[in-house]
Amino acid sequence: MHEIFTVRILSTTKGCDFTIKNEDKESITLLIPKSISESREYSDYALTTYCLLQELSVPTQLSIQCVTCNQLAYYLTGKVSQQRNKITDYIKCGINELDEKGIIVNLKEFSKHYILDCHNLWIDTESGSFTKIYFNELQQIFRIKNINNFTLLRYFIFVIGTLNWNITVYLSNGEYKNGIIGNFTIDYLAKKTGISKRSAIEYNKILEKEKLLYVYRQKDFVVDEENNIKSLSNIYGRYCDMEYVEAFANNQKEYKKSYRYIKNNQEITNNKRRLAQMYQQLLKGKREKYTEKQITDIYKYVISENQKYERMYEKNKCEDYLDKIRDTDIFNKYEFLKRE
């Protein structure tokens, strides 16, 4: 594995801007206790600093860390500034807060350096609940401009923490994953993270644009036994799991018999019935009734149905399926079908 470094010097007095690409390096996994990420007793600054210190201490197995606020800010943004700025001030607040709450211990402070005992950042996965994120996700969030990155990170961690590990999603090819699907409403996500609904909607759009989150917007509803209309909630997950999110959303429509699913299913059924009747008319020699496009549609329908019954026969070895296979010799005289 190799690392590529691109360095651009902005100024000898104002600092340096480093662009780093670790393309062949897997991102470090962070385990964030929900007792911290979902508690309003911890500020956004403390949560971000917690993530940074865990990234440094746990993978290296070094509980004692010597850090500066500039160093931690660089890990977040890829930039180093010799001047004081808001990011370093907020990280300093985060260190002090974590120290006050006993999450870390500030053993010594000198010349802007902190000697920190971080042994409490090791997570016992057998007790308590936690959210798993990746350090490159944190870095990506802090390189988004014109946004409160600290609040956005907390929102992202909370959303990822709502992915349901009890749901397993299967794809048509047999592959499956669990713990990748969430379906809480935007009102719930906003309320639990202490932001407005409008902000939550905006954050979702930003995370989607950055390909950190994928939201499948249902735009569908179900009608219950009392004729009450209930909208289906959106389905979301990591952007890399988009295929699974869409599969679950479509399965949900089928399971709940949503309006659009029933409507589409009826349209498909009616179309198949229509093509089957037209096929019977072809067998009776009434070709002049149909255009080339209609005959092509009939042909594709018959081939598709035949293939379906052939697969069912191969799977179950029931000869009744073979009796359902339709004769295709009737299509041999249509030269235009040979182009299909």
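Residues numbered from 1 in each chain as written. Predicted model: local features only at pLDDT ≥ 70, side-chain atom pairs only at ≥ 80, totals over all residues. Heavy atoms only, no water.

(A) View of the sheet that holds strand E7 (residues 113-117). As summarised here, the arrangement of the three strands in space is E4-E7-E6, forming an open sheet in which the pairing is antiparallel. For this open sheet the edge positions go to strand E4 (64-68) and strand E6 (105-110), each flanked by a neighbour on one side alone. Neighbour-to-neighbour, the strand axes of the sheet open up by a mean angle of 25°, direction not taken into account. Here five bridges tie E6 to E7, and the two strands are oriented antiparallel to one another. The residue bridging Lys 108 from the neighbouring strand is Ile 115, located in E7. (Pairing = 2+ DSSP bridges. Helix = DSSP H or I, 4+ residues; strand = E, 2+ residues; numbered from the N terminus. Axes fitted to C-alpha atoms, helices over the stretch in contact; angles between N-to-C directions.)

(B) The environment of Val 245, seen in detail. Looking at the element boundaries, Val 245 is found in helix H9 (residues 242-256). In this structure Val 245 touches Ile 181, Tyr 214, Tyr 216, Ile 235, Tyr 236 and Gly 237, once residues within four positions along its chain are discounted. (Contact = heavy atoms within 4.5 Å.)

(C) Focus on helix H6 (residues 149-161). Here H6 is 13 residues long and its end C-alpha atoms lie 18 Å apart, about the 18 Å a rise of 1.5 Å per residue gives. Most of H6 sits inside the fold, with 13 of its 13 residues counted as buried. With a side-chain oxygen positioned 3.2 Å from the backbone nitrogen of Phe 150, the residue opening H6 is Asn 148. (Expected span 1.5 Å × (residues − 1). Buried < 20%, exposed > 50% of the residue type's maximum accessible area, 1.4 Å probe, protein only. Polar contact = N/O pair within 3.5 Å; in protein donor to acceptor, adjacent residues only side chain to side chain.)

(D) Region of the structure containing the side chain of Arg 238. Structurally, Arg 238 can be placed in the loop between strand E14 (235-237) and H9. The class for Arg 238 is buried, based on a relative accessible area of 11%. In terms of polar contacts, Arg 238 uses its side chain to reach the backbone carbonyl oxygen of Lys 132, at 3.0 Å. With near-sequence residues (within four places) excluded, Arg 238 lies in contact with Lys 132, Ile 133, Tyr 134, Glu 137, Ile 160, Leu 163, Ile 180, Leu 212, Leu 213 and Tyr 214.

(E) Here's a closer look at the packing of helix H2 (residues 44-60) against H6. Following both chains from N to C, one finds H2 and H6 inclined at 70°, their axes separated by 9 Å at the closest point. Relative to H6, the element H2 is oriented roughly perpendicular. Residue-level contacts link Asp 44, Tyr 45, Leu 47, Thr 48 and Cys 51 of H2 to Phe 150, Thr 151, Leu 153, Arg 154 and Ile 157 of H6. (Parallel < 35°, antiparallel > 145°, perpendicular 65-115°, else oblique.)

(F) Main features of the pattern of salt bridges. Here the structure, examined in full by the defined rule, presents seven salt bridges. With its nearest N and O atoms 2.6 Å apart, the salt bridge here joins Arg 217 to Glu 208. A relative accessible area of 37% means that Arg 217 is categorised as partly exposed. Here Glu 208 falls in the buried class, since its relative accessible area comes to 18%. (Salt bridge = Lys/Arg side-chain N within 4 Å of Asp/Glu carboxyl O.)

(G) Quick peek at the packing of H6 against helix H8 (residues 197-209). One way to put it is that H6 packs onto H8 with a least axis distance of 11 Å and a crossing angle of 85°. Comparing their axes, H8 and H6 come out roughly perpendicular. Contacts between H6 and H8 involve Thr 151, Leu 152, Tyr 155 and Phe 156 from the former and Ala 200, Tyr 203, Asn 204, Ile 206 and Leu 207 from the latter. Across the contact of H6 with H8, the residue classes break down as seven nonpolar, two polar and no charged. (Nonpolar A, V, L, I, M, F, W, Y, C, P; charged D, E, K, R; others polar.)

(H) Region of interest: empty space enclosed by the protein. Applying the stated criterion across every chain, the model contains two cavities of 30 Å³ or more. Computed from the structure, the largest cavity encloses a volume of approximately 30 Å³. Ser 37, Glu 38, Ser 39, Arg 40, Arg 154, Phe 158, Lys 192 and Thr 193 together form the lining of the largest cavity. When residues of the lining of the largest cavity are traced back to their parent elements, those giving at least two are H6 and helix H7 (186-193). By residue class, the composition of the lining of the largest cavity is one nonpolar, three polar and four charged. Considered as a void within the structure, the second largest cavity measures approximately 30 Å³ in volume. Taken together, Thr 151, Arg 154, Tyr 155, Thr 193, Ile 195 and Tyr 203 make up the full set of residues lining the second largest cavity. Grouping the constituent residues of the lining of the second largest cavity by class yields three nonpolar, two polar and one charged. (1 Å grid on protein atoms, 1.4 Å probe; cavity = no way out; pocket = protein on both sides within 12 Å on 5 of 7 lines; lining within 4 Å. Points joined across faces, edges and corners; volume = space filled by probe spheres on them.)

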